[in-house]
Amino acid sequence: MRRNWAARLRQGTIEGMRAVTLENERLRVTVLPGKGGDVIEFLHKPTDTDLVWLTPRGLRDPREHFQGAPDDVAPFADYYEGGWQDIFPNGGAPSEYRGARLAQHGEVAALPWACEVVADTPEEVAVRLSVRTRRLPYRMEKVLRLRYGAAALEIEASATNESGRRLHAMWGQHIVFGRPFLHPGARIRLPDGVTVIPHDVPIAPGGRRVEPGGPWQWPVVPAADGGELDLSVVPEPGTPSDIVYLTGFSEGWYEITSAIGFRVEWDAALLPYLWMWQEFGATTGYPWWGEAYTVGLEPFAGMPTNGLATAVENGTALVLEPYETKVLRLRAEVVA
């Protein structure tokens, strides 16, 4: 029964792509099954604040656009609208694994997912999304659930090795924050004991924020230009781009707070790293053109952002035995 009250669910299209919206009196969460199962809206209704960042270029349906010169970065970057993606089985740069060429953040973020409604009552609404990768023998599912009265999205996701061979993967939650929620002075809070591993090289022209080397203790770390910087404080526009990897989580959670807060909880035994991507407008070439002001706080299995082959080599990649299923539970909640 269609409802305009309590927990409710809507299905429709946005820019020609199938969209599903889960809603209650506190949240509105919109998902695109046809484009990677992306979460493109996480709206806190009492304050009219969307927690996820949307890029200046906006949402583009990959089916309606011609590719330029083919490469392994464009399938993700050209159609990246911001929001929140599942990243699997490759994290970061293009990579080759056992004869399979994997694109930037490939494969599932670029694939259409099947979608079915599994709960639709005034007390809760939920949908199940599923997809099979095309270059590696994996199946993924995720159930997204919103309960009446709660300002939290609950997710139970699974990754299954459908082959009789031992395989590796990188699995990440590509969650990014930007305006209107994010602003200079916003704070990031983590459990005690977390350490910071800088990326080995700058990720963009114009320098970097964090001195290479480490690991350093969160949150105050050596700055690349001398002195110290506090990574828990979001800086001003124009600050150099960087990425660091946070690890040593006794519990998997973080909070990022401006006028309101957002808390993410996850299984840190399965995803032991938190990638912190920082792009504050210093990248004036492709793909940001100086227009991005965003922080990504991304729970991950595997590091760095060099692709699956590197994560296998350094021993951080996720291992899935023949026919094994890994289950990940997450909770994303607005803290007002």
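An account of the accompanying structure is given in this report.

Parameters and conventions
- Residues numbered from 1 in each chain as written.
- Predicted model: local features only at pLDDT ≥ 70, side-chain atom pairs only at ≥ 80, totals over all residues.
- Heavy atoms only, no water.
- Helix = DSSP H or I, 4+ residues; strand = E, 2+ residues; numbered from the N terminus.
- Buried < 20%, exposed > 50% of the residue type's maximum accessible area, 1.4 Å probe, protein only.
- Contact = heavy atoms within 4.5 Å.
- Areas by Shrake-Rupley, 256 points an atom, 1.4 Å probe, with all protein chains shown as cover.
- Lys, Arg positive; Asp, Glu negative; His and termini not counted.
- Charge placed at Lys NZ, Arg CZ, Asp CG, Glu CD.
- Core = buried A, V, L, I, M, F, W, Y, C linked by side-chain atoms within 4.5 Å.
- Salt bridge = Lys/Arg side-chain N within 4 Å of Asp/Glu carboxyl O.
- Pairing = 2+ DSSP bridges.
- Phe/Tyr/Trp six-rings, centres within 6.5 Å; stacked < 30°, edge-to-face > 60°.
- Lys NZ or Arg CZ within 6 Å of the ring centre and 35° of its normal.

Remarks on the overall build of the protein chain
- Across its full length, the protein chain holds 2 helices and 26 strands.
- In terms of overall dimensions, the protein chain has a C-alpha envelope of 60 × 50 × 45 Å along the principal axes.
- When each of the 336 residues of the protein chain is scored for burial, the buried share is 56%.
- The long-range fraction of contacts in the protein chain, counting pairs at least 24 apart against all pairs at least 6 apart in sequence, stands at 63%.
- Element-wise, carbon and sulfur atoms account for 49% of the exposed surface of the protein chain, whose accessible area totals about 13800 Å².
- Taking the average place of the 33 positive charges on the side chains of the protein chain and the average place of its 43 negative ones, the gap between the two points comes to 6 Å.

Things to note about the nonpolar core
- Counting residues in hydrophobic clusters, the biggest one holds 97 residues, and the most contacted among them are Phe-42, Trp-171, Leu-246, Tyr-254 and Phe-262.
- With near-sequence residues (within four places) excluded, Phe-262 lies in contact with Phe-42, Leu-51, Phe-177, Phe-181, Tyr-254, Glu-255, Ile-256, Ala-332, Glu-333, Val-334 and Val-335.

Observations concerning the pattern of salt bridges
- In the structure shown here, the tally under the stated rule is 23 salt bridges.
- Across the pair Glu-23 and Lys-45 runs a salt bridge whose closest N-O atoms are separated by 2.8 Å. One end of the pair, Glu-23, is in strand 2 (residues 17–23); the other, Lys-45, is in the loop between strand 4 (38–44) and strand 5 (49–50), and 22 residues separate them in sequence.
- Under the relative-accessibility criterion, Glu-23 is labelled buried at 13%.
- Relative accessible area serves as the criterion here: at 25%, Lys-45 is assigned to the partly exposed category.
- Arg-263 is the salt-bridge partner of Glu-265, the closest N and O atoms lying 2.7 Å from each other.
- In this structure, a network of salt bridges that share partners links the residues Glu-124, Arg-145, Arg-147, Glu-154, Arg-331 and Glu-333.

A word on unusual backbone geometry
- In this chain, Gly-106 is followed by Glu-107 through a cis amide linkage whose omega measures 20°.
- With an omega of 10°, the peptide bond between Arg-179 and Pro-180 qualifies as cis.
- Not every positive phi belongs to a glycine, and Ala-6 is a case in point at roughly 55°.
- Structurally, the position occupied by Ala-6 is in the segment before strand 1 (8–14).
- Non-glycine residue His-105 carries a positive phi angle of around 50°.
- Checked against the element boundaries, His-105 lands in the loop between strand 8 (100–102) and strand 9 (114–120).

Digging into the pairing of strand 26 (residues 325–335)
- Side chains Lys-326, Leu-328, Leu-330, Ala-332 and Val-334 project from strand 26 onto a buried face, and the interleaved Thr-325, Val-327, Arg-329, Arg-331, Glu-333 and Val-335 project onto a face without burial.
- The pairing of strand 12 (residues 152–161) with strand 26 spans 9 bridges and is antiparallel. Considered in strand 26, the bridge of Ala-157 is made with Leu-328.
- When strand 22 (residues 261–266) meets strand 26, the two strands line up antiparallel, connected through 6 bridges. Note that in strand 26 the partner of Arg-263 across the bridge is Glu-333.

Some points on the packing of aromatic side chains
- Enumeration according to the criterion identifies 15 aromatic pairs in this entry.
- Considering the side-chain rings of Phe-177 and Phe-181, the 5.9 Å spacing of their centres and the 55° angle between planes classify their relative orientation as tilted.
- A relative accessible area of 0% places Phe-177 in the buried class.
- Here the aromatic rings of Tyr-245 and Trp-275 are separated by 5.6 Å at their centres, their planes lie at 80°, and the arrangement is edge-to-face. With Tyr-245 in strand 20 (residues 242–247) and Trp-275 in strand 23 (residues 273–279), the pair connects residues that are 30 residues apart, well separated along the chain.
- Between Arg-263 and the ring centre of Trp-253, over which it is positioned, the NZ or CZ distance is 4.6 Å.

So yeah, pure geometry; function would need other evidence.
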